[in-house]
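Take a look at the letters that make up each chain.
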Amino acid sequence: MSHDIPPWNPLQFVMICMFTTFSTFFLPPESGLSLVAVFVSLLILCIPALFVQLKIGGYLQKGIVGSFSMFFPIWKGVGIAALLDLLLRISSLAPVVAQIGTYAFIAISDHPFVWGYCNELKIPTAAECIDDNQPQSMPVFREGAYRVEQLFYEYEFLQKSPGPSHINGFPQWHFTEIARKAEVSLMPVTLAIVWVMVFLLVGFGGRVCGWILFLLGPAALSCLLAVTGYGYAHLNMDDTLAFLQKHYRVSFDDSNQVLENWTKGFQLVMYSIPAWSAIAATMGKMCGRGRKIRNIGWLLLVMVYALISQLPPIAMAPYISNMLKKNAYVSYSVGPGLILWQMPAAFTALNIPSAYAFIFFLSAFLFSLMFLCVGCLTIVDNVVEALAGWIERKACSKVAVHLLITFIVMCVAKALGIIHTTRAGYYYSMLFDSSMYQLRFIIIMLMALGFLVVYVKQNFALLERVLMAFWFGSSALTCASLWFYTFINDYDRLFIHTSDKNTTFSAEWDVLRWVIAAFPFIGIPIGALHACFVACGEGSPVCVKLWCGITERVREHNFDQLPPPPPPEPTAPPYMYTYMDSAYPLDDVTYKMEYDPPETAITSTQQLYTYLKLENCQASI
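Quick caveat: nothing in here was measured; it's all calculated off a predicted structure.

## Quick word on the confidence of the model for the protein
Line of reasoning, step 1. With 70% of its residues at a pLDDT of 70 or more, the protein shows a mean pLDDT of 77.
Line of reasoning, step 2. In this model, residues 116–145 is a region of pLDDT below 50 whose contacts with residues beyond four sequence positions or in other chains number 50 contacts.
Line of reasoning, step 3. Low pLDDT (under 50) marks residues 614–621, which in the prediction has two contacts with non-local residues, meaning those over four places away or in another chain.

And the structure:
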């Protein structure tokens, strides 16, 4: 990558930042208080983290691992851990993206909608739903109480299998058809297609990927706006406004609910904004060294998220609210099921034209695909950056190495996600959902310490460093505390024994959760050992190299206005070529800088005398 011309200009950066919208398709705010928490957390907790990481990435032209390697080498393992954590995250999201793409294809392929192979499923009647073996407190299901779309989501995406006798009050024979049809799953194929697309977008480097993402962002936003316009123009507005008021009204019931809603809003913005991940530093690097872009990059990212992050839930509100009004046996809930079975059910129940269903799923697919590309580009760029010395020594093609690393990352991420396409996919999804952010508070504190050390060592204004260091440290401590609170609550809810000695998950599942949560931390000892070997090989004091890295500061330049490159200088003026050139290298850097003003004519004898005089002076010094 060129250090003189930024690959991403500010307009590209704005369009690429639209990928932060993808999470609100699955996790919209559940209350007005959680929406307030989103914007308060965005302004107070995310701004310092984004400012520091984007600025360091652009100023040093390094990713997270490279920044730590320069100024805090012993801490480079934290950067590796952040990359492994990002790899797990994109590998767990890829099956969801693949299923959304499948729904987009199904939506345009037939009308009325056929969500997979479920058109032959028999919906039980009220009499068939009554089961004498069930407790009397079990509700009697009405005809159509279990929608076809939900069954397709559970058996095609979650890969559930029918239980031994009854499922949710239904006799098993009602599920044999959907179970048989789900065996012909499209998930492995669509998952492979998604990763091939990511490989083609990322493999040729940040410049090509940036231009493609620059086009995908407006395309996804245009599709979403079209769906929003149709919903508000053709569906009942009274039901829509009532739904929005119910789910976006600020109410304070009790202290526990207030804290819970606030935590949900905090989690939503953390899922969306790359404040505490390896992404922000690489995005800053891709924007180049320009002083303006590295100082306002955080503002552009925050503005994009604030303007369009709530568009997906607003677009879905007319469809969900009108479907609920029709009593279509759908209970509103958040998560992947919101887009993978509630929205398909709404399109079917409301008889929405297939073109609008298609562009809705296409919009969600493009936003999520952008996140996969940005995450994969971050991992690949950090790896290629670490191999820069080896590439230069071996005279390898950087594009070829970039393609190879992208292919390896794609294969690893697909291998991690392929479990989701098996019968264990449901349990795999539950494990990742419950363990992915279990130790997030530790990663935040370690990353914050590393970036704080690197930031303070730079040649920025003293007042800026003092104020931002304090704000940055306070933000990291607050975020880590909220994630720790979330972890304690979830652990108590899922794994602590109740009075009847029953648990939600077994002890074996608890061990698996800890293994998944602790997996990224293997990068910390790996990075520390590598830093020790490098420091010992350089011969300088090991402790200084491990903890201080480069002791001098990087000089700050303003690359906003790039002047044209100067013409190449000749190795020596023509009159300097004499028979003594082989004995006295007259193109020495010191000689050219200190001697021979261009307007003075000097003979060869004077030239030799002055050169020897300079050499004697340097030797005496």
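The structure having been displayed, the exposition proceeds.
## Examining the state of the cysteines
Line of reasoning, step 1. This structure, assessed with the given rule, holds zero disulfides.
Line of reasoning, step 2. Its sulfur unpaired, Cys373 is 5.3 Å from the next cysteine sulfur, which belongs to Cys209.
Line of reasoning, step 3. Accessibility expressed as a relative area gives 0% for Cys373, which makes it buried.

## Quick notes on the environment of Cys548
Line of reasoning, step 1. Within the secondary structure, Cys548 sits in the loop between α24 (542–547) and α25 (589–594).
Line of reasoning, step 2. Overall, the relative accessible area of 30% leaves Cys548 in the partly exposed class.
Line of reasoning, step 3. Residues Cys548 and Met70 lie 478 residues apart in sequence; the distance between their C-alpha atoms is 8.4 Å.
Line of reasoning, step 4. Apart from residues no more than four positions distant in its own chain, Cys548 is found in contact with Met70, Phe71, Pro73, Lys457 and Cys543.

## Observations concerning helix α12 (residues 279–286)
Line of reasoning, step 1. Counting buried positions along α12 gives eight out of eight residues, so the element sits mostly inside the fold.
Line of reasoning, step 2. Within the span of α12, buried status applies to Ile279, Ala280, Ala281, Thr282, Met283, Gly284, Lys285 and Met286.
Line of reasoning, step 3. Immediately downstream of α12, the backbone of Gly288 shows phi near 85°, a positive value.

## Describing the side chain of Arg294
Line of reasoning, step 1. In this fold, Arg294 is placed in helix α13 (residues 291–308).
Line of reasoning, step 2. The exposure class of Arg294 is buried, given its relative accessible area of 3%.
Line of reasoning, step 3. Reaching out from Arg294, the side chain makes a polar contact with the backbone oxygen of Arg289 at a distance of 2.6 Å.

## Notes on a nonpolar patch on the surface
Line of reasoning, step 1. Taken together, the side chains of Ile296, Leu299, Met303 and Leu307 define a hydrophobic patch exposed on the protein surface, amounting to about 370 Å² of accessible area.
Line of reasoning, step 2. In this structure, Ile296 sits in helix α13.
Line of reasoning, step 3. On the accessibility criterion, Ile296 (37% relative accessible area) is partly exposed.

## Digging into the pattern of salt bridges
Line of reasoning, step 1. Per the stated rule, a full pass over the model turns up six salt bridges.
Line of reasoning, step 2. Where Lys264 meets Glu260, a salt bridge forms, and the shortest distance between an N and an O atom there is 3.5 Å. With Lys264 and Glu260 both in helix α11 (residues 255–272), this residue pair falls four residues apart, about one helical turn.
Line of reasoning, step 3. Residue class for Lys264 comes out partly exposed when judged on its relative accessible area of 28%.

Reading guide: rules and limits
Residues numbered from 1 in each chain as written. Predicted model: local features only at pLDDT ≥ 70, side-chain atom pairs only at ≥ 80, totals over all residues. Heavy atoms only, no water. pLDDT = per-residue confidence, 0-100. Contact = heavy atoms within 4.5 Å. Disulfide = S-S within 2.5 Å. Buried < 20%, exposed > 50% of the residue type's maximum accessible area, 1.4 Å probe, protein only. Helix = DSSP H or I, 4+ residues; strand = E, 2+ residues; numbered from the N terminus. Polar contact = N/O pair within 3.5 Å; in protein donor to acceptor, adjacent residues only side chain to side chain. Patch = residues over 30% accessible without salt bridge, like charges linked within 9 Å, V, L, I, M, F, W, Y side chains within 5 Å. Areas by Shrake-Rupley, 256 points an atom, 1.4 Å probe, with all protein chains shown as cover. Salt bridge = Lys/Arg side-chain N within 4 Å of Asp/Glu carboxyl O.

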